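Tertiary structure, described
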Amino acid sequence: MEGDCLSCMKYLMFIFNFFIFVGGSVLLAVGGWVLFDPLGFRELVASNPLLFTGVYLLLALGSLLFLLGFLGCCGAIRENKCLLLFFFMLILFIFLSELAAAILAFLFREHMTREFFTRELKRHYQGHNTSDVFTSTWNAIMSSFECCGVSGPQDFDDSLFRLLSPSKAIPEACCHREGALQSRGPERQGSPHGRGPGRQLETGGGAYGEGGVTGLELCVSGAIAHYTNYKGCYSSLVDYFETYIYSAGALAIIVLTIELFAMVFSMCLFRGIQ
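Quick caveat, the model's predicted, so the values are computed rather than measured.

**As for the environment of Gly54**
- With respect to the helices and strands, Gly54 occurs in helix α3 (residues 49-77).
- Taking the relative accessible area as the measure of exposure, Gly54 reaches 33% and is therefore partly exposed.
- For Gly54 and Gly31, which are 23 residues apart along the polypeptide, the C-alpha to C-alpha distance reads 9.0 Å.

Shown next, in the form of structure tokens:
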């Protein structure tokens, strides 16, 4: 009876880890294709810090799942105690890391306030410096969520950004791309003589045609409020995450339960192998 139970557990663990292995392989393949494909995806990803970070997170997650699935499959089907122990230790490390992250998030929750983010933004945001991780992350957030600052454009008053760019009231990432494009008039479309395609101007918020330069300049100077995103990113992010908070909580509980069962199964197999 004990042998039948262990045999059933072994094949269940193999099937479960086989799907994990396949999932990890797919994530690795997709991440590698996006990162190295010559059809323009590489340039698109490199120009967007949020996508750039997401691709590497995808590769890291794929590698982890690939390793877990490989260890679980081989350890179960070959009844290898060393691989099963390694699998158990890796799952335990992931479980403890998630638990530590949850505890730290609870202990430091008072720092995740609007005032804290505003203070950090004023101190460290530089505007159009793509080599600075803090600045690139904020540019990606403001462009993706169509927001400006923590509470609004006023967060950039008396900030490092204003010291570095005294002629600008707000960064380019705070501007409506559509609003800037709508500013093009007949004399601003196309070439200076009214013919041919307009020159492209690369900005933190995207590529604007020559006709959009006027709107962009008016936006960053604060001369016309029509082109500016006035909603703060704090409210935008809170609204966004509130939509998925219950789904994220349920997913976290499911993942933790699966990890617990994986540890129990691997240890039972480890102890049952002669």
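**Considerations on the state of the cysteines**
- Here the structure, examined in full by the defined rule, presents 3 disulfides.
- Here Cys175 pairs with Cys219 through a disulfide, and the sulfurs are 2.0 Å apart. Between Cys175 and Cys219, the S-S dihedral sits near -105°, and the bridge is therefore left-handed. Of this pair, Cys175 sits in the loop between α7 (160-164) and α8 (177-181) while Cys219 is found in helix α9 (residues 213-221), placing the two residues 44 residues apart along the sequence.
- We classify Cys175 as buried; its relative accessible area is 7%.
- On the accessibility criterion, Cys219 (0% relative accessible area) is buried.

**Points about the packing of helix α5 (residues 114-124) against helix α6 (residues 133-145)**
- Here α5 crosses α6 at 120°, and the two axes come no closer than 10 Å. When the axis of α5 is compared with that of α6, the two are oblique. Crossing angle aside, the handedness with which α5 passes α6 is left-handed. Here Glu120, Leu121 and His124 of α5 lie close against α6, whose contacting residues are Phe134, Thr135 and Trp138.

**Side note on the confidence of the model for the protein chain**
- Across the protein chain, pLDDT averages 76, with 74% of residues at or above 70.
- Mean pLDDT values over the elements of the protein chain span from 38, in strand β1 (residues 201-203), up to 90, in α7.
- In the model, residues 179-213 has pLDDT below 50 throughout and makes 61 contacts with residues more than four positions away in sequence or in other chains.

So, how was this worked out
Residue indices follow the written sequence of each chain, beginning from 1 at its first position. Side-chain atom pairs in this predicted model are given and counted only at pLDDT of 80 or more, local residue features only at pLDDT of at least 70, and totals for whole chains, interfaces and linings cover all residues. The basis for the side-chain values is all heavy atoms of the structure; hydrogens and waters are excluded. Strands here mean DSSP runs of E at least two residues long; helices mean DSSP runs of H or I at least four residues long; both are numbered from the N terminus. Relative accessible area decides the class of each residue, using a 1.4 Å probe on protein chains only: under 20% of the type maximum gives buried, over 50% gives exposed, and in between gives partly exposed. Any pair of cysteine sulfurs within 2.5 Å is marked as a disulfide. For helices, the fitted line uses only the C-alpha atoms of the stretch in contact; every axis is such a line through C-alpha atoms, and the angle between N-to-C directions lies from 0 to 180 degrees. Oblique is the label for any angle not covered by the other classes, which are roughly parallel (under 35 degrees), roughly antiparallel (over 145) and roughly perpendicular (65 to 115). Left-handed describes a crossing whose near helix is turned anticlockwise from the far helix through less than a right angle; right-handed describes the clockwise counterpart. We call two residues in contact whenever any of their non-hydrogen atoms come within 4.5 Å of each other. Confidence per residue, as judged by the predictor, is encoded in pLDDT with a range of 0 to 100.

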